[in-house]
Amino acid sequence: EVLENWEQIKAGEKEKKKKKDASLLSGLPKSMPPLAKAFRIQGKAAHVGFDWPKGNLAPLYDKVEEELAELKEAIGDEIPERVEEEFGDLLFAAVNLARHIEVNPDGALDRANSKFAARFREVERLVAESGKPWSGYSPEELDRLWEEAKISL
């Protein structure tokens, strides 16, 4: 009975190997953060030649602009699913540009988050120092405070 079970297990393993996903993209962890996953997917595709030409960023700029235009159109159409899809396409194109200019998109976004947070904290400080509530500021006044924060940091 043990031998029979063993053979069934082995036969099942062989069947799984036959059906195994042979794609270059198989094996990417499902838990990988989406930004990192986009970077890896593009790298794997590029490894077999499915990529934009090296050294010519013009097509990549065009692709980012195309995806931005499609996002604007989707926003105008007010179809939430399409807006999300087009926004994802824009991010994917931006990650591809990052890969071509040898920028780690995760690191770049992390630095942008830190920069924004530092500047926003400065705006918070300026607002608190003024004694005026946030609701008392117009968007233009807040923009001026933002510009001041950018200069001071």
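Residues numbered from 1 in each chain as written. Predicted model: local features only at pLDDT ≥ 70, side-chain atom pairs only at ≥ 80, totals over all residues. Heavy atoms only, no water.

1. Topic: helix H4 (residues 80-100)
In an α-helix, one turn spans 3.6 residues, which is why side chains three or four residues apart end up on the same side. In plain terms, the rule: Under the scheme used here, helices are H or I runs from DSSP no shorter than 4 residues and strands are E runs no shorter than 2 residues, and both carry numbers assigned from the N terminus. A helix's residues, less one, multiplied by 1.5 Å, set its expected span. Using a 1.4 Å probe on the protein chains alone, a residue whose accessible area is under 20% of its type maximum counts as buried, one over 50% counts as exposed, and one in between counts as partly exposed. Any two residues having at least one pair of non-hydrogen atoms within 4.5 Å are treated as being in contact.
Look at H4: 30 Å from first C-alpha to last across 21 residues, which is about the 30 Å you get at 1.5 Å a residue. Every buried residue belonging to H4 is among Glu86, Leu90, Ala93, Val95, Asn96, Leu97, Ala98, Arg99 and His100, and all of these are buried. Tucked into the core, H4 has its buried residues touching helix H2 (34-47), helix H3 (58-77) and helix H5 (105-130). The first or second residue beyond H4 is Glu102, which carries a positive phi of 60°.

2. Things to note about the environment of Gly88
Here Gly88 is to be found in helix H4. Sequence separation between Gly88 and Arg119 is 31 residues; the distance between their C-alpha atoms is 27 Å.

3. With respect to the packing of aromatic side chains
The condition is simple: Within 6.5 Å between ring centres, the rings of Phe, Tyr and Trp (the latter by its six-membered ring) count as paired, and their orientation is classed by plane angle as stacked under 30 degrees, edge-to-face over 60, tilted in between.
Summed over the entire model, instances satisfying the criterion amount to three aromatic pairs. Summarising the aromatic geometry, the rings of Phe116 and Trp146 are spaced 5.1 Å apart at their centres and angled 40° between planes, so their arrangement reads as tilted. Taken together, the residues span a long stretch of sequence, with Phe116 in helix H5 and Trp146 in helix H6 (residues 139-152) at a distance of 30 residues. Ring geometry for Phe120 against Trp134: centres 5.7 Å apart, planes inclined by 20°, an arrangement best described as stacked. Highlighted residues: Phe120 in helix H5 and Trp134 in the loop between H5 and H6, separated in sequence by 14 residues.

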